[in-house]
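Structure at a glance
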Amino acid sequence: MRILLLGANGQVGHELSRALAPLGELVIATRKGELADGSRCLAVDLADAASLVHALDTVRANLIVNAAAYTAVDRAEDEPELAARINHRAPGEIGMWAAAHGARVVHYSTDYVFDGNAMRAYREDDATAPIGVYGRSKLAGEQALAASGAAHLIFRTAWVYAAHGHNFLRTMLRLAAERDELRVVADQVGAPTPARWIADTTASVLAQASAPRAKPAPANAGVFNLVANGQCSWYDFASAIVEGAQRRGLIARAPRVVPIATADFPTRARRPAWSVLDGSRLENTFGLQLADWHAGLDQVLDELAAATGPA
């Protein structure tokens, strides 16, 4: 199987570069054609339709894994066309190519397709109602891929972080080393999910789906929620990060973490207050259930501690 991985420099893409390698011939692509370590790879810019189609025609993959996305939630409010080009139209184009060539597509989406007003964990078939440009662009991408007729998997995830890249955990560690107090939103709830878990689960699903006795489509196709088990607020997550980081010597001292309301931390784009996703379909279909978010945090902090040593 020839696999084309788009967005290999992102948090999930970086982990997918490792996790997908045993499944076949892996062709890695980034927007600029360069990986984080400086090595060269295929250049594919989803903002450029011609670049995307040229790459698809050149690689002619059996499986296209799209981990590329426009993820600047606030900036999307001022760049709706760019967000739509990358998050909406590009997945549709990937799907149309795949449908025409008998290829399969894996795509990643977000809790932002919901408005965050639910009283229970969101299921895949719950009504969507994005409240900002980013969420609307991601939902439109889901719909465009589904309408393309390509065989596809869409994984909705949330609160993604890793030991690398730009994310909440790394921001908290940087601020914890600089400040005596961290003020963190306590009225938004979700499930922090390591990028490594997303990549490993993706690889496990693909291995099962391609097995001789795999469940027939559409049982193993469509939308699946892919998040850690449990739930917490950003304040809870920040508190656990600070405590775990100090225990591992990643920070010399623990600043005070203070809970605040969303209203006390205004942003250009609104965030869903409730981002908890129900992972039952993933478990029932593939027998896969991610561990509790605490375990994921321990793994990522251990990875950081092994790589950097004490503060």
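Attention here is on the structure that accompanies the text. Keep in mind it's a predicted model, so treat the numbers as computed, not measured.

1. A closer look at the packing of aromatic side chains
- Counted by the stated rule, this structure contains eleven aromatic pairs.
- Linked through ring pairs, W159, Y161, F168, W234, F237 and W293 together constitute an aromatic cluster.

2. Some words on helix α2 (residues 49-59)
- When α2 is considered as a whole, its buried residues turn out to be S51, L52, A55, L56 and V59. Seen along its axis, α2 keeps its buried residues to an arc of 130 degrees; they face one direction. Projecting away from the buried face of α2 at angles above 90 degrees are the exposed residues A50 and H54.
- Structurally, α2 contributes buried residues whose contacts are with β1 (2-6), β2 (25-30), β3 (42-43), β4 (63-66) and α4 (80-101).
- Between the side-chain oxygen of the N-cap and the backbone nitrogen of A50 there are 3.0 Å, and the N-cap of α2 in question is D48.
- Positioned one or two residues after α2, R60 has a phi angle of 50 degrees, which is positive.

3. Structural notes on the environment of V59
- Looking at the element boundaries, V59 is found in helix α2.
- Using a relative accessible area of 6% as the deciding quantity, one classes V59 as buried.
- Taking the C-alpha atoms as reference, V59 lies 35 Å from S280; in sequence the two are 221 residues apart.

4. Overview of helix α6 (residues 168-178)
- Turning to α6, its buried residues are L169, M172, L173, L175 and A176.
- Turning to α6, the residues buried within the fold contact β7 (160-161), β8 (181-185), α8 (234-247) and α10 (293-308).
- With a side-chain oxygen lying 3.2 Å from the backbone nitrogen of L169, the N-terminal cap of α6 falls on N167.

5. Quick look at the packing of α6 against α10
- For the pair α6 and α10, the least separation of the axes is 12 Å and the interaxial angle reads 55 degrees. The orientation of α6 relative to α10 falls into the category oblique. Relative to α10, α6 is oriented so that their crossing is right-handed. Every residue of α10 that contacts α6 at L169, R170 and L173 is listed here: L297, V300, L301 and L304.
- For the contact of α6 with α10, the per-class residue count stands at six nonpolar, no polar and one charged.

Cut-offs used in this document
Residues numbered from 1 in each chain as written. Predicted model: local features only at pLDDT ≥ 70, side-chain atom pairs only at ≥ 80, totals over all residues. Heavy atoms only, no water. Phe/Tyr/Trp six-rings, centres within 6.5 Å; stacked < 30°, edge-to-face > 60°. Buried < 20%, exposed > 50% of the residue type's maximum accessible area, 1.4 Å probe, protein only. Helix = DSSP H or I, 4+ residues; strand = E, 2+ residues; numbered from the N terminus. Arc of directions from axis to C-beta. Contact = heavy atoms within 4.5 Å. Polar contact = N/O pair within 3.5 Å; in protein donor to acceptor, adjacent residues only side chain to side chain. Axes fitted to C-alpha atoms, helices over the stretch in contact; angles between N-to-C directions. Parallel < 35°, antiparallel > 145°, perpendicular 65-115°, else oblique. Left-handed = near helix turned anticlockwise from the far one by under 90°. Nonpolar A, V, L, I, M, F, W, Y, C, P; charged D, E, K, R; others polar.

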